[in-house]
Amino acid sequence: IDAEQARFTEDDGVPRLTPTQIDALDALDATCDDPSVRLDMRLEPGDVQWLHNHTTFHARRAYDDGDGEGPSKRHLLRLWITPPDARALPGAFAERFGDLRVGAGRGGIRVEGQTPFCALEPGA
């Protein structure tokens with residue numbers, strides 16, 4: 001938060017946080033960093049992790065994939081799923097996702113004229 005408050009200014013259209021907002025974010029940060037309420041895990045080959053981006057805070061630590069020579073050893077796939085019984089998104093998400101209705105194709109990366117492709121093996 002401090003970095004973004006320093007990076008962006010009110011001239012950029014980013015209002016300054018109030019002391020109360022800073023205190024609230026500091027409390028949230030402390031809660032997320034509390035080992036009694038967070039889960040640290042290491043994904044191993046073949047593991048799958050399912051997260052709901054709108055209900056679960058999640059983060060990743062830095063990742064080192066060797067010396068940078070040759071193909072990456074890491075193969076991470078991201079999948080956007082919008083099940084028919086999903087939660088509707090609040091209006092604040094409209095600019096990013098477009099259609100906010102339950103069951104609509106929202107999220108993901110779509111490039112006009114490109115056929116979706118997912119390499120199931122690293123380096124493919």
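To be clear, the structure that these remarks concern was listed above.
About the thresholds
Residues numbered from 1 in each chain as written. Predicted model: local features only at pLDDT ≥ 70, side-chain atom pairs only at ≥ 80, totals over all residues. Heavy atoms only, no water. Helix = DSSP H or I, 4+ residues; strand = E, 2+ residues; numbered from the N terminus. Rg over C-alpha atoms; globule rule 2.2 N^0.38 Å. Patch = residues over 30% accessible without salt bridge, like charges linked within 9 Å, V, L, I, M, F, W, Y side chains within 5 Å. Areas by Shrake-Rupley, 256 points an atom, 1.4 Å probe, with all protein chains shown as cover. Salt bridge = Lys/Arg side-chain N within 4 Å of Asp/Glu carboxyl O. Buried < 20%, exposed > 50% of the residue type's maximum accessible area, 1.4 Å probe, protein only. Contact = heavy atoms within 4.5 Å. Lys, Arg positive; Asp, Glu negative; His and termini not counted. Charge placed at Lys NZ, Arg CZ, Asp CG, Glu CD.

Peer 1: Account for the overall build of the chain, naming residues and giving values.
Peer 2: Helix and strand content of the chain: three helices and zero strands. Order of helices (α) and strands (β) in the chain, N terminus to C terminus: α-α-α. At 19 Å, the chain has a C-alpha radius of gyration far larger than the 14 Å of a compact globule built from 124 residues. Across its three principal axes, the chain shows a C-alpha extent of roughly 50 × 40 × 35 Å.

Peer 1: Describe a nonpolar patch on the surface, and please don't skip the residues or the numbers.
Peer 2: A cluster of nonpolar side chains, contributed by Ile-1, Leu-25, Leu-28 and Phe-57, occupies part of the molecular surface with about 390 Å² of accessible area. Assignment of secondary structure puts Leu-25 in helix H2 (residues 19-32).

Peer 1: Explain the pattern of salt bridges to me, and be specific about the residues and the numbers.
Peer 2: Applying the stated criterion across every chain yields a total of four salt bridges. A salt bridge links Arg-38 to Asp-33, with the nearest nitrogen and oxygen atoms 3.2 Å apart. A relative accessible area of 27% places Arg-38 in the partly exposed class. Linked through salt bridges whose partners overlap, the residues forming this network are Asp-33, Arg-38 and Asp-40.

Peer 1: Could you give an account of the environment of His-58, naming the residues involved and the relevant values?
Peer 2: Within the secondary structure, His-58 is located in the loop between H2 and helix H3 (94-97). Separated by 26 residues in sequence, His-58 and Cys-32 place their C-alpha atoms 9.1 Å apart. Setting aside anything within four residues of it in sequence, one finds His-58 in contact with Leu-51 and Asn-53.

Peer 1: Got a sec to walk through the environment of Thr-56? Specific residues and values, please.
Peer 2: Counting through the fold element by element, Thr-56 comes out in the loop between H2 and H3. In the structure, Thr-56 is positioned 26 residues away from Ala-30 in sequence and 16 Å away in space, judged by C-alpha atoms.

Peer 1: Residues and numbers for a negative patch on the surface, please.
Peer 2: On the surface, Asp-2, Asp-23, Asp-26 and Asp-29 cluster together into a patch of negative charge. It is H2 that contributes the most residues to the negative patch, three residues altogether. If you trace the backbone, Asp-26 turns up in helix H2. Judged by relative accessible area, which is 47%, Asp-26 ranks as partly exposed.

Peer 1: Let's hear about a positive patch on the surface: which residues, and what values?
Peer 2: On the surface, a cluster of positive charge is contributed by Arg-60, Arg-74, Arg-78 and Arg-96. Structurally, Arg-74 can be placed in the loop between H2 and H3. Residue Arg-74 is classed as partly exposed on the basis of its relative accessible area of 33%.

These results come straight from atomic positions and should not be treated as a statement about function.
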